[in-house]
Amino acid sequence: MMRRVSSVEAVRFVMVVLVAVAALSQVHVAEAATCSPTELSPCLAALTSSAPPSGACCNKLRQQRPCLCGYLRDPNLRQYVNSPNAKRIVATCGIPYPRC
């Protein structure tokens with residue numbers, strides 16, 4: 001039986017994914033992202049279901065990519081970034097899963 005993920009949990013997860021992806025990318029100082037897990041709210045539907053990520057979700061993930069390792073290091077967000085749905089989302093968006 002699958003456990004239903006709350007909206008808060010989903011937003012946390014998406015934020016963690018973004019931080020991990022962002023940390024792996026080479027980001028110039030001028031392109032630095034403001035790390036905020038709430039920026040990943042467009043990914044909520046994909047995180048809490050089997051729905052594919054939207055274009056807005058993938059764009060936000062790319063913007064938050066420098067933040068993803070920070071999200072992975074956060075004990076409150078780690079479980080979301082490491083979830084199977086988060087890994088599916090980054091793969092679908094063509095973003096490498098971070099290695100921090």
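Here the structure is a predicted model, which means the values were calculated and not measured.

K.L.:
Any chance you could explain the nonpolar core here in plain terms?
P.N.:
Generally speaking, nonpolar side chains in soluble globular proteins are found buried as a group. With 18 residues, the main nonpolar core has Cys 57, Leu 61, Tyr 71, Ile 89, Cys 93 and Ile 95 as its most contacted residues. Taken together, the elements giving at least two residues each to this core come down to α2 (44–48), α3 (55–64), α4 (68–73) and α6 (84–92). Leave out the neighbours within four places in its chain, and Ile 89 touches Cys 43, Ala 46, Leu 47, Pro 53, Cys 57 and Leu 61.

K.L.:
Sorry, what's going on with the packing of aromatic side chains here?
P.N.:
Here the distance between the centres and the angle between the planes together describe a pair of aromatic rings. By the definition in use, this model includes zero aromatic pairs. Over the aromatic face of Tyr 97 sits the side chain of Lys 87, whose NZ or CZ is 5.3 Å from the ring centroid.

K.L.:
Help me understand the environment of Lys 87 in this model?
P.N.:
Here Lys 87 lies in helix α6. By relative accessible area, which is 40% here, Lys 87 ends up partly exposed. Remark: the alpha-carbon pair of Lys 87 and Tyr 97, spanning 10 residues in sequence, is separated by 6.9 Å.

K.L.:
Just checking my understanding: could you explain the pattern of salt bridges for this structure?
P.N.:
Close approach of charged atoms allows side chains of opposite charge to pair. The final tally for this structure, using the stated rule, is one salt bridge. Where Glu 39 meets Lys 60, a salt bridge forms, and the shortest distance between an N and an O atom there is 2.7 Å. Of this pair, Glu 39 sits in the loop between α1 (7–24) and α2 while Lys 60 sits in helix α3; the two residues are 21 residues apart in sequence, bridging distant segments of the chain.

K.L.:
In this structure, what is going on with α3? I would like to understand it.
P.N.:
An α-helical segment advances 3.6 residues per turn. Residues three or four places apart therefore align on the same side. Among the residues making up α3, those that are buried are Cys 57, Cys 58, Leu 61 and Gln 64. All buried residues of α3 project into a common sector of 130 degrees when viewed along the axis, lining one side.

Rules and cut-offs
- Note that residues are indexed from 1 along each chain, following the sequence as it is written.
- Selection of residues for local features in this predicted model requires a pLDDT of at least 70, selection of side-chain atom pairs for listing and counting requires 80 or more, and totals for whole chains, interfaces and linings are taken over all residues.
- The side-chain figures draw on all heavy atoms in the structure; neither hydrogens nor water molecules are used.
- Throughout, nonpolar core names a set of buried Ala, Val, Leu, Ile, Met, Phe, Trp, Tyr and Cys residues whose side chains join them through atoms within 4.5 Å.
- Exposed residues in this analysis have more than 50% of their type's maximum accessible area, buried residues have under 20%, and partly exposed residues fall in between, with area computed by a 1.4 Å probe over protein chains only.
- Secondary structure elements follow DSSP: runs of H or I no shorter than four residues count as helices, runs of E no shorter than two count as strands, and numbering proceeds from the N terminus.
- Contact criterion: two residues are considered in contact whenever any of their non-hydrogen atoms come within 4.5 Å of each other.
- Under the pairing criterion, centres of Phe, Tyr and Trp rings, with the six-membered ring standing for Trp, must be within 6.5 Å; the plane angle then separates stacked pairs below 30 degrees from edge-to-face pairs above 60, leaving the rest tilted.
- The criterion for a charge sitting over a ring is simple: Lys NZ or Arg CZ within 6 Å of the ring centre, and within 35 degrees of the ring normal.
- Whenever Lys or Arg places a side-chain nitrogen within 4 Å of a carboxyl oxygen from Asp or Glu, that contact is recorded as a salt bridge.
- By construction, the arc corresponds to the directions joining the helix axis to the C-beta atoms.

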